[in-house]
Amino acid sequence: MSDSVKYLLGEQDIPKSWYNINADLPVPLPPVLHPGTLQPIGPADLAPIFPMAVIMQEVSVEREIEIPEPVRAVYRQWRPSPLYRARRLEQALGTPARIYYKYEGVSPAGSHKPNTAIPQAFYNKEEGVKRIATETGAGQWGSSLALAGAFFGLEIDVFMVKVSFQQKPYRRAFMETFGARCIASPSDTTEAGRAILAQNPNSTGSLGIAISEAVEMAARRDDTKYALGSVLNHVLLHQTVIGLEAQKQMEMAGDYPDMVIGCTGGGSNFAGIAFPFLGERLREGRNTEFVAVEPSACPTLTKGLFAYDFGDTAHLTPLVKMYTLGSGFVPPGFHAGGLRYHGMAPQISHLAALGYIKPRSYHQTECFAAGVQFARAEGIIPAPEANHAVKATIDEALKCKEEGVSKALLFNLCGHGHFDMQAYSDYVAGKLVDQAYDESEVAMALAGLPSVG
Ligand SMILES: *Cc1c(COP(=O)(O)O)cnc(C)c1O
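Before going into details, it helps to say that this report is about the structure given with it. (Residues numbered from 1 in each chain as written. Predicted model: local features only at pLDDT ≥ 70, side-chain atom pairs only at ≥ 80, totals over all residues. Heavy atoms only, no water.)

## Regarding the site of the ligand
Phase 1: Every one of the 17 residues lining the ligand counts as a neighbour, but Lys113, Ser230, Gly265, Ser268 and Asn269 are closest to it.
Phase 2: In the environment of the ligand, an oxygen atom lies 3.1 Å from a nitrogen or oxygen atom belonging to the side chain of histidine 112.
Phase 3: Asparagine 269 places a polar side-chain atom, nitrogen or oxygen, 2.8 Å from an oxygen atom of the ligand.
Phase 4: Its atoms largely coinciding with the cavity grid, the ligand occupies the largest cavity.
Phase 5: The residue makeup of the shell around the ligand, split by class, is 4 nonpolar, 11 polar and 2 charged. (Near = heavy atom within 4 Å. Polar contact = N/O pair within 3.5 Å; in protein donor to acceptor, adjacent residues only side chain to side chain. 1 Å grid on protein atoms, 1.4 Å probe; cavity = no way out; pocket = protein on both sides within 12 Å on 5 of 7 lines; lining within 4 Å. Sits in = over half its atoms within 2 Å of the grid points. Nonpolar A, V, L, I, M, F, W, Y, C, P; charged D, E, K, R; others polar.)

## With respect to the sheet that holds strand β14 (residues 358–362)
Phase 1: Taken in spatial order, the 7 strands make up an open sheet running β1-β4-β5-β15-β10-β11-β14, and their pairing is mixed. The sheet terminates laterally at β1 (5–7) and β14, the two strands that pair on one side only. Mean inter-strand twist for the sheet, computed between neighbouring axes without regard to direction, equals 25°.
Phase 2: Here strand β10 (residues 259–263) runs beside strand β15 (residues 408–413); their pairing, made up of 3 bridges, is parallel. Within β15, the position partnered with valine 260 by the bridge is leucine 410.
Phase 3: Sheet strands in contact with helix α12 (residues 241–252) are β1, β4 (83–85), β5 (98–103) and β15, and its direction is about 140° off that of β5. (Pairing = 2+ DSSP bridges. Helix = DSSP H or I, 4+ residues; strand = E, 2+ residues; numbered from the N terminus. Axes fitted to C-alpha atoms, helices over the stretch in contact; angles between N-to-C directions. Contact = heavy atoms within 4.5 Å.)

## A word on empty space enclosed by the protein
Phase 1: For the structure on display, the rule yields 4 cavities of 30 Å³ or more.
Phase 2: Its volume calculated, the largest cavity comes out at about 370 Å³.
Phase 3: Around the largest cavity, the lining is made up of 29 residues, and of these Lys113, Leu207, Ser230, Gly266 and Gly338 lie nearest the centre.
Phase 4: For the lining of the largest cavity, the residue count by class is 11 nonpolar, 15 polar and 3 charged.
Phase 5: Here the second largest cavity is characterised by a volume of approximately 70 Å³.
Phase 6: Forming the boundary of the second largest cavity are Pro295, Ser296, Ala297, Phe334, Ala336, Tyr362, His363, Gln364, His388, Asp434 and Gln435. (Points joined across faces, edges and corners; volume = space filled by probe spheres on them.)

## Concerning the packing of aromatic side chains
Each pair of aromatic rings is reported with the distance of its centres and the angle of its planes.
Phase 1: Per the stated rule, a full pass over the model turns up 14 aromatic pairs.
Phase 2: Aromatic side chains phenylalanine 368 and tyrosine 427 sit 5.9 Å apart centroid to centroid with 20° between the ring planes, which places their arrangement in the stacked category. Pair noted here: phenylalanine 368 is in helix α16 (residues 364–378) and tyrosine 427 is in helix α18 (residues 421–428), with a separation of 59 residues, a long-range link.
Phase 3: Judged by relative accessible area, phenylalanine 368 falls into the buried class, the value being 2%.
Phase 4: Relative to phenylalanine 411, the ring of phenylalanine 374 has its centre 5.8 Å away and its plane inclined at 80°; by these criteria the two rings are edge-to-face. Highlighted residues: phenylalanine 374 in helix α16 and phenylalanine 411 in strand β15, separated in sequence by 37 residues. (Phe/Tyr/Trp six-rings, centres within 6.5 Å; stacked < 30°, edge-to-face > 60°. Buried < 20%, exposed > 50% of the residue type's maximum accessible area, 1.4 Å probe, protein only.)

Listed below in C-alpha cells is the structure:
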C-alpha cells in the first residue's frame, strides 16, 4: 500500500494578504439593495451592525487585502494547514486520478470557520465593540467565534438553530468553555424569535431565523455588533487563506488541479479553496473546473432561483442577488447542519450564473457512505458537510477510472466530524434517511420573493 503524502508549509508561508475576487470578476456583482427603498446601500447603512473595517472589505475591489499581523499571529496556532495527496484512497478506488485535499480540521474549532472569526473579532475589538451577537447552524461558527472572543476579549452571544442545539450538546459546551452564551433559536429573547414561536411553538429553527435574532440584538444595542460566518464577501475573502496556501502546496507537489471541489452551505469554504485558483482562470484563461456540492434536501444552487432576496427570515437584512430557495424556506433537519441555508453567497451565485462554477447535489446517505470510505482510507473522519465534497471527488475519481484519464482533483476537507458522531452512529445503524425537500414549501417561499424592479 502506498502511503499518503503530506505537503507542509512553514509559518513564513502563511499568506500576508487575502485574495479579493471582486478585482477579477468579468462582470461586477449586482448591487446590494436597501430593504425599504430598494436603492443600492452604502457603507453607512451597514455601520450599525458591522465594524467599518469589515464594511470596507465588503465593498472593496482591491485584489489583495493585507492580513493584520495580530491576525496572522493567531493563524500561526494552526496554519498553514496541511495538504495531502490521498494515495490510499486512490488505491482503494483503483483510480488513475490524483486526489488532493486541504485539511481545515486542524483548527481549534475543527473547521475552516476560525479563518474569518479571528479577523472579525480583531476588527471589532479595534473599533471598541464589547460584544458580538451571531447565529450558528451546526455549531461550528458559534464555536469559532467563541474561540475568537476568548482570544480578543469580547463577549459572544450565539443563537443556535434549535434542532442542532438539541442534537449537539457538546457544541454548546465548547462555546461555553470559551466563555460564550449559547441560546436555542427561535428564542423568546428577541421579537423575531417570539414571532416565530407564536406561529409555531415547535419550530426546529433555521439559520434564517437565528440570523434575524442576532441582527436584532446587534441593532438594538450600541456596544454590540453582528458577525456572519458565511455568505458575505468579507467572509469569503478571509477564507482565501485556504486556497492561497493550497496553491503553494500544489506547486510543491508539482501539480495543478483540473478540478476544485467543495461543499457549499453559504459558500465560504468552497470560495476559500476555489477563489485563488478561479482568479487564475479569470486572469490567465486556465481551464480548471469548479464544482460546488450541496445537499439534495436544501438544493439552493441546483433548484433555487437567482433573484434578490433577504438573508434572513424576519427580513431585517439588505436584499442581495443570490440563488435562493426563498427566505421563508425551512429545510428538513438533516445532519449536515452547516448546509441548511436558504441562500448562497452572492459572489458564488454570480459566478455560477456566469457558468464558472458548476453546482451539483447529493443525498445524505450516499455522502456518509463516501465519508466512511474516506475515513477508512485516510484516517480522518470528515464533518457531515465535508462528506458532500468527498462524495463528488470519489465520483469524479471513478469517472476517471471508467474513462482511463488521470485528472488532478483537489477538494477542501473543511472540517472533522468529531462532534458529529451521533450522525455516524445513525448511519452505521442504518437509521439515516434521505429527506426530500418540500417542493410546495419552496414554491411558496419563492412566491414570496421581494419584487425588485
Ligand atoms: C459552516 C460549515 C460549512 C458550511 O458553510 P460554508 O460557508 O458553505 O463553508 C461546511 N462545512 C463545515 C465543516 C462548516 O463548519
